[in-house]
Each structure stands twice: as C-alpha cells, then as structure tokens.
Amino acid sequence: MVAEEIFMQILNTKEEEKANDNLLDLTKNIAKCRICNGEHWSVNCPYKGTSMDTNLMEKKASAAAAAATEAPKPGKYVPPFLKDSQKGGMGGIRGRDDTAAIRISNLSESMTEQDLEELIKRIGQHTKMYLARDKNTGLCKGFAYVHFRQRKDAAAAIEILNGHGYDHLILSAEWSKPQNN
C-alpha cells in the first residue's frame, strides 16, 4: 500500500498563544500547603508540628465526628437499616450492632475463654465474646471477636491490644468487618 505524506502547518492567533503562555507560567507555584495555605508543600511548611498544625488536625477530627453523628437530611434516601436504628431499634440487617466489635488475632493455641476474659475485662464492658476453635482438636484457631457495649471502649481496646505482647506472641487488634450473608 502506498501512502502520500501530507505536511500540516498549524496557525495560531496571538490571543491563543497568550492564553497558552499563561497556563504554562512556571513562576507560579502549583503546590498549596494544607497547614497554612502557603505556596509550598506541606512537608516544607515552617508551621509543621506547631499549634497551627495541631489545631488543623483537631478541626478535621471534630468535623469527621460531627459528620458521623449527624442525622440524615429530610428528603434524602435513608437505607432501611438506618431507619430502624433511628427508631430505637438495633439497626443492621443481621439484627445486631457490629459497630463496637473488634477482631483480635495472633492468639496462641492454648488461649481459653477465661484468658480472653481476663485480657479484655480491664478495658471496658463487653456484651459478647467469640473465641474461634478448631472443631476436631478444640484448640484456638488464633483469633477472637469481642463486642463491646460502647464504641469508645472498642477503640481503646484496639489502641491497647494492637502490638501488645501476650503469651509470647504480639497481638493484632482491628475493627471487625461485617459479615456478608
């Protein structure tokens, strides 16, 4: 197949050239600091680690907490499981509240319910504990689920138990992931 070479010459107007020059102005700084809104990267901020930086983190944390506890606006779609929890019901599709449930892993095979009870009783009140055991041997599989009465107790348990040494092992604690039924 034979093809012809076609040469194109693109003509721009002066206004288009000026607009392109403004877009490619390298003297303007693209970065914007999250701490002080200056024209530098947040890593290089002179206010990093000062009270200005900690005030920003506190504001973000309080805004996130307010958004989490905020009631849905009227006229917006509300999923059925949230409707139940607003009326004072348990909420949740499975009929239980898993928001204060944590998973503790890397437990030894010799762990018992009494050991688990002893481990978490000083952190806060719990409603339910489940220590996973092997059906044949009865030994611990290495993980357990604990449901606390309050979410703040569950958060404290994660903070305390994650990385805690127990029975020659380093425990791992995290929020429980919901079951898919």
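Remember, it's a predicted structure, so these values are computed and weren't measured experimentally.

**Points about the sheet that holds strand β6 (residues 172-175)**
Strands belonging to one sheet form pairs held by backbone hydrogen bonds; the direction of such a pair is parallel or antiparallel.
Turning to step 1, where the next piece is worked out: With antiparallel pairing, four strands are arranged side by side in an open sheet as β2-β3-β1-β6. Looking at which strands have only one partner, the edges of the open sheet turn out to be β2 (126-133) and β6. Across this sheet, the average inter-strand angle for adjacent strands is 20°, counted without regard to direction.
Turning to step 2, where the next piece is worked out: Two elements, strand β1 (residues 101-105) and strand β3 (residues 140-148), share five bridges in a ladder whose sense is antiparallel. Each residue of the ladder has a partner; that of Arg103, found in β3, is Tyr145.
Turning to step 3, where the next piece is worked out: Against the sheet, helix α4 (residues 113-120) touches β1, β2 and β3, its axis set at about 140° to β2.
Turning to step 4, where the next piece is worked out: Each of β1, β3 and β6 is contacted by helix α5 (residues 151-161), which is oriented at about 150° to β6, the strand it contacts most.

**Concerning the environment of Ala31**
Turning to step 1, where the next piece is worked out: Mapping Ala31 onto the fold places it in the loop between α1 (14-23) and α2 (51-69).
Turning to step 2, where the next piece is worked out: A residue is classified by how much of its surface remains accessible, and Ala31, at 8% relative accessible area, is buried.
Turning to step 3, where the next piece is worked out: Excluding residues that lie within four positions of it along the chain, Ala31 makes contacts with Gly38, Glu39, His40 and Trp41.

**Regarding the nonpolar core**
Turning to step 1, where the next piece is worked out: Core analysis: the biggest nonpolar cluster contains 20 residues, and Ile102, Ile104, Leu107, Phe148 and Leu161 have the highest contact counts within it.
Turning to step 2, where the next piece is worked out: Mapped onto this core, the elements with two or more residues apiece are β1, α4, β3 and α5.
Turning to step 3, where the next piece is worked out: For Ile104, the residues in contact, after removing those within four places along its chain, are Leu116, Ile120, Gly142, Phe143, Ala144, Val146, Leu161, Leu171, Ser172 and Ala173.

**Some details on the confidence of the model for the protein chain**
Turning to step 1, where the next piece is worked out: Taken as a whole, the protein chain shows an average pLDDT of 77; of its residues, 68% reach a score of 70 or greater.
Turning to step 2, where the next piece is worked out: Contacts from residues 89-94, a stretch scored under 50 in pLDDT, to residues over four places away or in other chains number 13 contacts.

**Overview of the pairing of β3**
Turning to step 1, where the next piece is worked out: Relative to β3, β2 is paired through six bridges, and the arrangement is antiparallel. Looking at β3, one finds that Lys128 is bridged to His147.
Turning to step 2, where the next piece is worked out: Counting the residues in the hairpin turn of β2 and β3 gives six residues, including Gly138, whose phi is positive at 80°.

**Points about the packing of aromatic side chains**
Turning to step 1, where the next piece is worked out: Tallied over the full model, the rule gives one aromatic pair.
Turning to step 2, where the next piece is worked out: Where Phe143 meets Tyr145, the ring centres are 5.9 Å apart and the plane angle is 80°; that geometry is what we call edge-to-face.
Turning to step 3, where the next piece is worked out: Here Tyr145 falls in the partly exposed class, since its relative accessible area comes to 23%.
Turning to step 4, where the next piece is worked out: Here the guanidinium or amino end of Arg103 rests over the ring plane of Phe143, the centre of that ring lying 4.4 Å away.
Turning to step 5, where the next piece is worked out: Looking at Arg151, its charged tip hangs above the ring of Trp175, at a distance of 4.1 Å from the centre.

Conventions we followed
- Residues numbered from 1 in each chain as written.
- Predicted model: local features only at pLDDT ≥ 70, side-chain atom pairs only at ≥ 80, totals over all residues.
- Heavy atoms only, no water.
- Pairing = 2+ DSSP bridges.
- Helix = DSSP H or I, 4+ residues; strand = E, 2+ residues; numbered from the N terminus.
- Axes fitted to C-alpha atoms, helices over the stretch in contact; angles between N-to-C directions.
- Contact = heavy atoms within 4.5 Å.
- Buried < 20%, exposed > 50% of the residue type's maximum accessible area, 1.4 Å probe, protein only.
- Core = buried A, V, L, I, M, F, W, Y, C linked by side-chain atoms within 4.5 Å.
- pLDDT = per-residue confidence, 0-100.
- Phe/Tyr/Trp six-rings, centres within 6.5 Å; stacked < 30°, edge-to-face > 60°.
- Lys NZ or Arg CZ within 6 Å of the ring centre and 35° of its normal.

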